[in-house]
Amino acid sequence: MTTPVPRPPSPVPPGTIEARTFSFYYGEKQALFDLDLSMPARSVTAFIGPSGCGKSTFLRGINRMNALIPGTRHSGTMLLDGEDLYAREMDVVQLRQRVGMVFQRWNAFPKSIYDNVAYGPRINGAAARTELDEIVESALRRAALWDEVKDRLTQSALGLSGGQQQRLCIARALANDPEVLLLDEPCSALDPIATLKIEELLYELKAELTIVIVTHNLQQAARVSDQTAFFYLGRLVEVDATERMFTSPREERTEAYITGRFG
Amino acid sequence: MSQPTHGAVVEPAAPGGRSTTAQADDAIAGSSRGDGVYRFLTTAAAWAIPLLLGLITLEVVLAAWPAFETFGLSFLTSSEWDEVRGVFGAAPMIYGTVVSSVLALVLATPLALGVAIFLSEFAPSWLRTPVAFLVDLLAAIPSVVYGLWGIFVLLPFLRETVMPFLAGTLGLGNTPFFSGPAYGPSMLAAAVILAIMILPYISAVSREVLMAVPRSQREAAMALGATKWEMIRDAVIPYARSGIVGGIILGLGRALGETMAVTMLIGNRHEISSSLFAPGYTLASVIANEFAEATGALHTSALMACGAVLLGVTLLVNAIARWLVWQVAREGR
């Protein structure tokens, strides 16, 4: 549908996200205050913090999903590979192909498994059936779902278990071959075994992608991420390598949160 | 009336065969006497409706029986309706009822869906409520007012502008559907007025189901790089599909039974014509027109038979439509 615009050569590996004094407003209410945060390519960044701290708002700022809500605005810049995501010439449809997203509550379409995964490539103009078959298979393999569904691709996706549907949503995002994968509390409605599968998957996927995950589960953040950012009341309190963050946080509020004294 | 009904439904559920949830409910609710009264009232109300429908059907069929007995199947297939000779065939009315309603659906559905999609997806919120209110207001206008408006505004407009345009400018006058003189009162006029009358029903139901599509479905499509139109086409409408079909059925039900406005505009002629410019008749119209002046028992019975057929057509159409909704819903899930 859209031909990829040649991107300017950038000094950073593809998939690097950088926020510079990024603020976000819902109408009059300011939700994010001057955030500076760099999310390196081929690594997992986890956002933690109590409910309403702005971590989901920030995550949704990366693929501009917040723009769906009327009356929102931002200031500052958000860069993907050095390009301003909010620039006038940035095509938001194309941006969302480069930045995939998985939501808290799995949201498979009421279509077949195949059609779910093929949706992105189809609307973005993937033509031939054989090509589509390959894309679907490869996306399902990358999401570690292929062996479970290869014999029932034409059946409804809604017949899958919650964990399988969530991995299907990951496969659906991967079918667009994105540089970045955003996950908004992907495991909060899943049982521990399904959660473990998703975490293993993220570990595999970070070899190829930038992964940003919002989680309420601190153990999960500690297990899957390389870098952790702690949000509080719309501000970024602390960001550090995950190991250091969980063993020797610099800020008192971070320590209080990760030791369970509030939040 | 409700006493045996009550026993038949409640008793099997009361001793022994109760589910654990029912027992748990009782444990929470405490007072079982209040529950018993409540259950009795709701069960009685639920059974009253099929009972009423059954009684009405029985009464109509009994009254229609002489006509069915006299004419047999030819009541459904014959076009002859002669009070003097006492010969009655309802084929033109059956044809007129079905054709005018289906044509009304064809005209109203795209428009109603357009309104619903605009209101649920595109309209700014300050515009949404007033426009939705105005569309809903269409349903509040009395049928006879539609009829009057039809006679004084719609018929001249159809006769002088639309019919010459269809027959002449578009050159459709040679096809059997748009041939013949343009009087005004016609199947087309009835279908147009019906379309306007059922539009609010289809539109209101569609709007509700479109707005009820979960945000997660919209976000799923948007996050994969769908444009707004692709999101509506691929995520919103399929999710709302069975509800939209339900709204269309509701509209069809209204169109089949509508009497006053159609009687004033359809021309009331006992004849089947392929041309939409020609006058026609509907089952509801013939009853309204002739019942007060029915001559003789057979004539009255024939009109009751028209009522029975209308009931049958309505039930049949609704059954088909239900089945369609079920198919659509199953296909999607």
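Residues numbered from 1 in each chain as written. Chains lettered and ligands numbered in written order. Predicted model: local features only at pLDDT ≥ 70, side-chain atom pairs only at ≥ 80, totals over all residues.

1. Here we look at the overall build of chain A
Now for step 1: Within chain A, the regular secondary structure consists of 10 helices and 10 strands.
Now for step 2: Rg of the C-alpha trace for chain A: 18 Å, near the compact-globule value of 18 Å for 263 residues, within the 12% margin.
Now for step 3: Taken along the three principal axes of its C-alpha coordinates, chain A extends 55 × 45 × 35 Å.
Now for step 4: In chain A, which comprises 263 residues, the share counted as buried stands at 45%.
Now for step 5: Within chain A, counting contacts between residues at least 6 apart in sequence, those at least 24 apart form 70% of the total. (Helix = DSSP H or I, 4+ residues; strand = E, 2+ residues; numbered from the N terminus. Rg over C-alpha atoms; globule rule 2.2 N^0.38 Å. Buried ≥ 20, exposed ≤ 12 C-beta atoms within 10 Å, placed from the backbone. Contact = placed C-beta atoms within 7 Å.)

2. Regarding the overall build of chain B
Now for step 1: The number of helices and strands found in chain B is 13 helices and two strands.
Now for step 2: Here chain B holds 333 residues, and the buried ones make up 36% of them.
Now for step 3: For chain B, the proportion of contacts with a sequence separation of at least 24, taken over those separated by at least 6, is 76%.

3. Considering the nonpolar core
Now for step 1: Ranked by internal contacts, the top residues of the largest apolar core, which has 152 residues, are Ala171 of chain A together with Ala189, Ile193, Leu194, Ile198, Ala305 and Cys306 of chain B.
Now for step 2: With 18 residues, the top contributor of residues to this core is helix 8 (residues 187-211) of chain B.
Now for step 3: In this structure leucine 194 of chain B touches Ser100, Ser101, Ala104, Ala255, Glu258 and Val262 of chain B, once residues within four positions along its chain are discounted. (Core = buried A, V, L, I, M, F, W, Y, C linked by C-beta atoms within 7 Å.)

4. Re the packing of helix 5 (residues 91-122) of chain B against helix 8 of chain B
Residue and element names in this part refer to chain B.
Now for step 1: Where helix 5 meets helix 8, the axes come as close as 6 Å, and the angle between the chain directions of the two elements is 40°. In terms of orientation, helix 5 and helix 8 fall into the oblique class. Seen along the crossing, helix 5 lies across helix 8 with a hand that is right-handed. (Axes fitted to C-alpha atoms, helices over the stretch in contact; angles between N-to-C directions. Parallel < 35°, antiparallel > 145°, perpendicular 65-115°, else oblique. Left-handed = near helix turned anticlockwise from the far one by under 90°.)

5. A closer look at the sheet that holds strand 6 (residues 99-102) of chain A
All names here are of chain A.
Now for step 1: Pairing within the open sheet is mixed, and its six strands lie in the order 6-7-8-3-9-10. Only two strands of the sheet have a single partner each, and these edge strands are strand 6 and strand 10 (235-241). Pairwise comparison of adjacent strand axes, ignoring direction, gives a mean angle of 15° for this sheet.
Now for step 2: In this sheet, strand 10 lies alongside strand 9 (residues 227-232) in antiparallel orientation, the contact comprising six bridges. Residue pairing in the sheet places threonine 228 in a bridge with aspartate 240 of strand 10.
Now for step 3: Sitting on the sheet, helix 6 (residues 162-174) is in contact with strand 6 and strand 7 (180-184), with an inclination near 170° to strand 6. (Pairing = 2+ DSSP bridges.)

6. Some remarks on the sheet that holds strand 5 (residues 83-84) of chain A
Residues and elements named next belong to chain A.
Now for step 1: The four strands are arranged 2-1-4-5 in an open sheet whose pairing can be described as antiparallel. Here the strands that pair on one side only, and so sit at the sheet edges, are strand 2 (29-39) and strand 5.
Now for step 2: One ladder, built from eight bridges, connects strand 1 (residues 17-26) with strand 4 (residues 72-80); its direction is antiparallel. Pairing of isoleucine 17 across the sheet is with leucine 80, part of strand 4.

7. Side note on unusual backbone geometry
Residue and element names in this part refer to chain A.
Now for step 1: For aspartate 34, which is not a glycine, the phi torsion comes out positive at approximately 45°.
Now for step 2: Among the secondary structure elements, aspartate 34 is positioned in strand 2.
Now for step 3: Judged by the 15 C-beta atoms lying within 10 Å of it, aspartate 34 is partly exposed.

8. Let's talk about the environment of aspartate 82 of chain B
Now for step 1: The residue aspartate 82 of chain B is located in strand 1 (residues 81-82) in this model.
Now for step 2: Distance in space between the C-alpha atoms of aspartate 82 of chain B and histidine 299 of chain B is 9.2 Å, their sequence separation being 217 residues.

9. Looking at the interface of chain B and chain A
Now for step 1: Taken together, the contact pairs 17 residues of chain B with 21 residues of chain A.
Now for step 2: Contributions of two or more residues to the side of chain B that touches chain A are made by helix 9 (215-223) and helix 10 (228-257) of chain B.
Now for step 3: The dominant element in the side of chain B that touches chain A, judged by the number of residues it contributes, is helix 9 of chain B, at six residues.
Now for step 4: Taken together, the residues of the side of chain B that touches chain A sort by class into eight nonpolar, five polar and four charged. (Nonpolar A, V, L, I, M, F, W, Y, C, P; charged D, E, K, R; others polar.)

10. A word on the confidence of the model for chain B
Now for step 1: Looking at chain B as a whole, its pLDDT mean stands at 86, while 89% of the residues score no less than 70.
Now for step 2: For this predicted complex, the interface confidence comes out at an ipTM of 0.85, alongside a pTM of 0.78. (pLDDT = per-residue confidence, 0-100.)

11. Side note on the pairing of strand 1 of chain A
Residue and element names in this part refer to chain A.
Now for step 1: For strand 1 and strand 2, the ladder comprises seven bridges, and the chain directions are antiparallel. Across the sheet, phenylalanine 24 pairs through a bridge with leucine 32, a residue of strand 2.
Now for step 2: Joining the antiparallel neighbours strand 1 and strand 2 is a turn of two residues, in which glycine 27 adopts a positive phi near 60°.

12. Some words on the packing of helix 6 of chain A against helix 7 (residues 192-205) of chain A
Residue and element names in this part refer to chain A.
Now for step 1: For the pair helix 6 and helix 7, interaxial distance at closest approach is 9 Å and the crossing angle is 20°. Our classification of the angle between helix 6 and helix 7 gives roughly parallel. Between helix 6 and helix 7 lies a crossing of right-handed hand. In this structure, helix 6 contributes Gly162, Gly163, Gln166, Arg167 and Ile170 to the contact, and helix 7 contributes Ala194, Lys197, Ile198 and Leu201.

13. As for helix 5 of chain B
Now for step 1: Between the first and last C-alpha of helix 5 of chain B there are 45 Å, a value that for 32 residues agrees with the 46 Å anticipated at 1.5 Å per step.
Now for step 2: A bend of about 30° at alanine 108 of chain B is the largest found in helix 5 of chain B, and the proline proline 110 of chain B appears one to four places after it. (Expected span 1.5 Å × (residues − 1). Bend = angle between axes of the 7 residues up to and from the residue.)

14. A few points about the environment of proline 192 of chain A
Now for step 1: Position of proline 192 of chain A among the secondary structure elements: in helix 7.
Now for step 2: You can call proline 192 of chain A exposed: it has 8 C-beta atoms within 10 Å.

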